[in-house]
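Now for the letters of each chain:
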Amino acid sequence: MARQGLTTNIGLRRWFFVQVIIQELILIVRCVVLHQNRTTVAVLLDVMLALNLLGLILLAPSEETLANRHWFKRFLYRFNHYGQVFVQTVTVSLVLMVLAGICVKRLHVNANAAAIVVFIMSLLVYIPIGVFAYGRIESLVGRIVVLFSVGFEVIVAAPEIAVMAFEKSLAPVVKDLATTGFVGAFSFVVITGFAMKVWGFRLPRFGFSRTAQWWIIVLLALFCVGYVIFNSFDAGTSFRTLWKFDFHMKSPTFEMMLNGVEPGVAEEWLLRFATLSLMMRAFEFSRHQFGWSVAVTSILFGLFHLPNALQGQSWSATFEQALSAASIGCLLAALYLYTRALWWPMLFHFSVDSFAFMSSGTQTMGKPGMFDWWMTVILAIIFIAITILLLTGERGRNAKRNFPEFTGNGLFFGGSVALQTFPTR
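This structure is a prediction, so every number in the text was calculated from the model and none was measured.

The rules we used
- Residues numbered from 1 in each chain as written.
- Predicted model: local features only at pLDDT ≥ 70, side-chain atom pairs only at ≥ 80, totals over all residues.
- Heavy atoms only, no water.
- Helix = DSSP H or I, 4+ residues; strand = E, 2+ residues; numbered from the N terminus.
- Contact = heavy atoms within 4.5 Å.
- Areas by Shrake-Rupley, 256 points an atom, 1.4 Å probe, with all protein chains shown as cover.
- Lys, Arg positive; Asp, Glu negative; His and termini not counted.
- Charge placed at Lys NZ, Arg CZ, Asp CG, Glu CD.
- Core = buried A, V, L, I, M, F, W, Y, C linked by side-chain atoms within 4.5 Å.
- Buried < 20%, exposed > 50% of the residue type's maximum accessible area, 1.4 Å probe, protein only.
- Patch = residues over 30% accessible without salt bridge, like charges linked within 9 Å, V, L, I, M, F, W, Y side chains within 5 Å.
- Salt bridge = Lys/Arg side-chain N within 4 Å of Asp/Glu carboxyl O.
- Expected span 1.5 Å × (residues − 1).
- Phe/Tyr/Trp six-rings, centres within 6.5 Å; stacked < 30°, edge-to-face > 60°.

Chemist: Explanation requested: the overall build of the protein in the structure shown.
Modeler: Each helix and strand in the protein was counted, giving 18 helices and zero strands. Principal axes of the C-alpha set define a box for the protein whose edges measure 65 × 55 × 35 Å. The long-range share in the protein, meaning contacts at least 24 apart out of those at least 6 apart in sequence, stands at 78%. Accessible surface, the protein as shown: approximately 19,800 Å² in total, 69% of it carbon and sulfur. Across the protein, the mean location of the 32 positive side-chain charges is 9 Å away from that of the 21 negative side-chain charges.

What follows is the structure, given as structure tokens:
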């Protein structure tokens, strides 16, 4: 019903049609200007110019009855779905860059004003793309791949790319909003939210579960605060000096704080909302639905950090980071499932990263020693133990009650407790 409601909405269809046409006109004008300047950007603009109008096929009436079409026609349509996810996402990013460049370089608009307009536009222009491009993807693997490889990587960086040409003219605060991924994170939330609605999922709830036990909530809050302090300020280099702390911050800047927003908001929305929801739907009839969903999502979260090695971080530090991310990913998922409050893992993740960045003065990890590896393994055991505690017994049953859309009405589910049925509320 959600898919039919959004993809057949007249207003959204007109919005997407007009947006594609405007994109094409802007690309034509810019390609003419760059005709003699064959840079990488110019070549990419040429490619997008040729493929952009294929996005209008996404509005074809046959898209709504694709299952009844010949297999080869279905293949062509679905091939275009994946192609347009890439084309439309990249095209919008390039168009924002072109428009911002024209305003600042040619029309002499104030750079800060132009950047703010780009920020606002980036929160809006991805909405029809989320509905008609991302929303057309039907494969579970395909949905995860496009969200990770295209949605996250391109959209989060789009505001920074758009202002790159006049970045030096921006006020420090405006520059930080663009370059830290702050604006891009919320743009990603918007497009993914609309895509998830088309895919048949409801948006996450941010209020606490009414059946969560208050004393467990208090203990979890104390643990989260303690871990943030320990992770950011512990200066121990061995088990003898484990509780030695240094509360001096090397870089307590607004920029370093904002650098934690992108992982706290975008990564949690990607992993704990979108991917975890997709996994729970995939394992809907599995005996260990939540266990498998949390495990797969957390492994993906760990693998998600491996590309950091290509950005100057040592491979040993990256592998340690991936192991740490996978284990804490279990805890983040369990926090969401038990409390039903997505803001908790978001705030926890943001706090962990922001305080770590400000205290260390860097976003990259140093080469780990043996003590660092031991601590990573010990913390991983603690994170996984808390996860198991939260998702079994009465606490596990509470998590199931929090998400009746994934358990069905009276649907059996298992774990370390006896099989029981629970009605939806």
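Chemist: Is there a simple way to think about the nonpolar core in this case?
Modeler: One broad rule of soluble globular proteins: the nonpolar side chains tend to lie buried together. Core analysis: the biggest nonpolar cluster contains 113 residues, and Tyr 134, Phe 166, Phe 188, Trp 199, Leu 337 and Phe 348 have the highest contact counts within it. Counting residues per element, this core draws most heavily on helix 13 (residues 261-282), at 12 residues. Every residue in contact with Leu 337, bar those within four places of it in the chain, is listed here: Leu 276, Met 280, Phe 290, Val 294, Leu 391, Ala 399, Asn 402 and Phe 403.

Chemist: Can you walk me through a nonpolar patch on the surface in this structure?
Modeler: Together, Trp 15, Ile 116, Ile 120, Leu 123, Leu 124 and Phe 186 give the surface a local cluster of nonpolar side chains, amounting to about 500 Å² of exposed area. In terms of residues, the nonpolar patch owes the most to one element, helix 5 (residues 111-124), which gives four residues.

Chemist: Help me understand helix 10 (residues 182-198), please; the structure alone is not making it clear to me.
Modeler: Because the α-helix completes a turn every 3.6 residues, residues three or four places apart line up on one side. With 17 residues, helix 10 extends 25 Å from end C-alpha to end C-alpha; this agrees with the ideal 24 Å at 1.5 Å per step. The buried fraction of helix 10 is high, at 12 of 17 residues. Of the positions making up helix 10, those classed as buried are Val 183, Gly 184, Ala 185, Ser 187, Phe 188, Val 189, Ile 191, Thr 192, Gly 193, Ala 195, Met 196 and Val 198. Gly 200 sits one or two positions beyond helix 10 and adopts a positive phi of about 100°.

Chemist: Help me out: how do you make sense of unusual backbone geometry in this one?
Modeler: Comment: phi is negative for the bulk of residues other than glycine, and the bulk of peptide bonds are trans. Look at His 108: it is not a glycine, yet its phi comes out positive at around 60°. Mapped onto the elements, His 108 comes out in the loop between helix 4 (71-106) and helix 5. Taking the relative accessible area as the measure of exposure, His 108 reaches 65% and is therefore exposed.

Chemist: Would you explain helix 16 (residues 343-360) in this entry?
Modeler: In a regular helix each residue adds 1.5 Å, so 18 residues correspond to 26 Å; helix 16 covers 25 Å between its end C-alpha atoms and thus fits that length. Counting buried residues along helix 16, 13 of its 18 residues qualify, which places the element largely inside the surrounding structure. Where helix 16 terminates, the next one or two residues include Gly 361, which has phi positive at roughly 80°.

Chemist: It is not clear to me how the pattern of salt bridges should be interpreted in this structure. Could you clarify?
Modeler: This model, assessed by the stated rule, comprises six salt bridges. Across the salt bridge formed by Arg 78 and Glu 138, the nearest N and O atoms sit 3.4 Å from each other. Of this pair, Arg 78 sits in helix 4 while Glu 138 sits in the loop between helix 6 (127-132) and helix 7 (140-155), and the two are 60 residues apart along the sequence. When its relative accessible area of 43% is taken as the criterion, Glu 138 is described as partly exposed. With its nearest N and O atoms 3.2 Å apart, the salt bridge here joins Glu 405 to Arg 202. Here Glu 405 is found in the segment after helix 18 (393-402), whereas its partner Arg 202 is found in the loop between helix 10 and helix 11 (214-233), with 203 residues between them in sequence. When its relative accessible area of 40% is taken as the criterion, Arg 202 is described as partly exposed. Among the charged side chains, a salt-bridge network with shared partners connects Glu 394, Arg 397 and Arg 401.

Chemist: Would you take a moment to explain the packing of aromatic side chains for this structure?
Modeler: Aromatic ring pairs are described here by two measures, namely the spacing of the ring centres and the angle between the planes. Scanning the model with the defined rule gives 26 aromatic pairs in all. An angle of 35° between the planes, with centres 5.7 Å apart, marks the rings of Trp 315 and Phe 319 as tilted. Of this pair, Trp 315 and Phe 319 both sit in helix 15 (residues 315-339), four residues apart, roughly one helical turn. Residue classification places Phe 319 among the partly exposed positions, given a relative accessible area of 45%. An aromatic cluster of at least three residues, connected via ring pairs, comprises Phe 230, Phe 233, Trp 243, Phe 245, Phe 247 and Phe 355.

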